[in-house]
Amino acid sequence: MSFNPALLKKIELHTHLDTGLSYHFVRKYIPDISPILFREKYIAPEKCHDLGDFLSKIGPSLDMLQKKNVIADAVEDLFIQLKNDNIVYAEIRFAPLLHLRLGLSDCDIVETVLVAMKNSSIKYGIEAGLILCTLRHFSEDQSLRTAYLVNKYSHIGVVALDLAADEARYPLNAHLKAFRMVLENGGNVIAHAGEAKGAESVRETINKLNISRIGHGVRSVENQGVINYLIERNIHLEICPTCNIVCDIYDAYENHPVNILKKTGVNIGINTDARAVANITLCEEYLKINRYFGWQYSDFIETNLNALRASFCSKELKNRLEKEIMIF
């Protein structure tokens, strides 16, 4: 029997709202856009020069996501994609301060996304939490502002603060107070690391920000001490292979360390990261891993259980979804 990833119920912890706009969604607001023009504007080339080059493709999406109705529609568009991937729980992330250009307040934006998530969750039968991102190039005030939003909405669907964007060009210093603020409020904190920079970036990020999960973290393989540290602390890595290939962190899929990390005993899950920009679905990601590394259903059930246990949903929901994932 051939491997069919659509049969598996999945957990996705790392998917960005502003990099996941489908052609169908964009055409609703730009009716004359062709598939070719959509690819040119919204999808990265198969190989970018670096992460910064990749991030430049987010601009057209951000240009669109400045009004409440458009943002709400984008949330539903993402849920349709999650449904097509047979995802039963997702943690969706975005940076609210990137959506202020037309006069919306940061609270307007977060509340719009939360309401749209709740409606789509009911409509498509997918449980979800919202992660708010601050960005590496943001000032300390901007990070604190994002942390305030995490604390304010932690009781109605916001589950964590994340640090995203270009780790190679910007240090952690401006974000230390924001992460401390969320932790002191009893909240969750995670961060991107070990993508544009090496293994020591992973160790530094864990130590300085006190995070429980790392977005990417793939370059941990460059240092056995960091691998041991991840295993010892049971830090979950949100692995996004296709995005790493597109960003030219690795030259080819077969050279990606996802299989090494799993075999070494690191706690990992599989994600898309930037669905539209990287032109990938979670089912397609599973197919690639099956093709290049030979993973079978049991391997993906294991990584989905890893992700579920590392997620920020309630114990009751974890118990229910664990049973669903294991029924295959």
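Summary of the structure given here. No experiment lies behind these values; they were computed from the predicted model shown.

Scoring rules and cut-offs
- Residues numbered from 1 in each chain as written.
- Predicted model: local features only at pLDDT ≥ 70, side-chain atom pairs only at ≥ 80, totals over all residues.
- Heavy atoms only, no water.
- Salt bridge = Lys/Arg side-chain N within 4 Å of Asp/Glu carboxyl O.
- Helix = DSSP H or I, 4+ residues; strand = E, 2+ residues; numbered from the N terminus.
- Expected span 1.5 Å × (residues − 1).
- Buried < 20%, exposed > 50% of the residue type's maximum accessible area, 1.4 Å probe, protein only.
- Contact = heavy atoms within 4.5 Å.
- Pairing = 2+ DSSP bridges.
- Right-handed = clockwise from strand over helix to strand, strands pointing away.

1. Observations regarding the pattern of salt bridges
Note that side chains of opposite charge can pair when their charged atoms are close.
So, point 1. In total, this model carries 22 salt bridges according to the counting rule given.
So, point 2. Note that Glu140 and Lys177 form a salt bridge whose closest N and O atoms lie 3.6 Å from each other. Taken as a pair, Glu140 in helix H7 (residues 140–152) and Lys177 in helix H8 (residues 176–184) lie far apart in primary sequence, 37 residues in all.
So, point 3. Via salt bridges that share partners, Glu91, Arg93, Asp162, Arg213 and Glu238 belong to a single interconnected network.

2. Observations concerning H7
So, point 1. Along its 13 residues, H7 runs 18 Å from first to last C-alpha, staying within 8% of the 18 Å computed at 1.5 Å per residue.
So, point 2. For H7, the complete set of buried residues consists of Ser143, Thr146, Ala147, Leu149, Val150 and Asn151.
So, point 3. Those residues of H7 hidden inside the fold are in contact with helix H6 (106–124), strand S3 (127–135), strand S4 (158–164) and H8.

3. Details of the pairing of S4
Regular strands have side chains that alternate between both faces of the sheet.
So, point 1. The buried fraction of S4 is high, at seven of seven residues.
So, point 2. Two elements, S3 and S4, share six bridges in a ladder whose sense is parallel. Within the sheet, the bridge partner assigned to Leu132 lies in S4 and is Leu161.
So, point 3. For the handedness criterion, the β-α-β arrangement of S3, H7 and S4 is classed as right-handed.
So, point 4. As paired elements, S4 and strand S5 (residues 189–193) share three bridges and run parallel to each other. Its bridge partner being in S5, Asp162 is matched across the sheet by Ile190.

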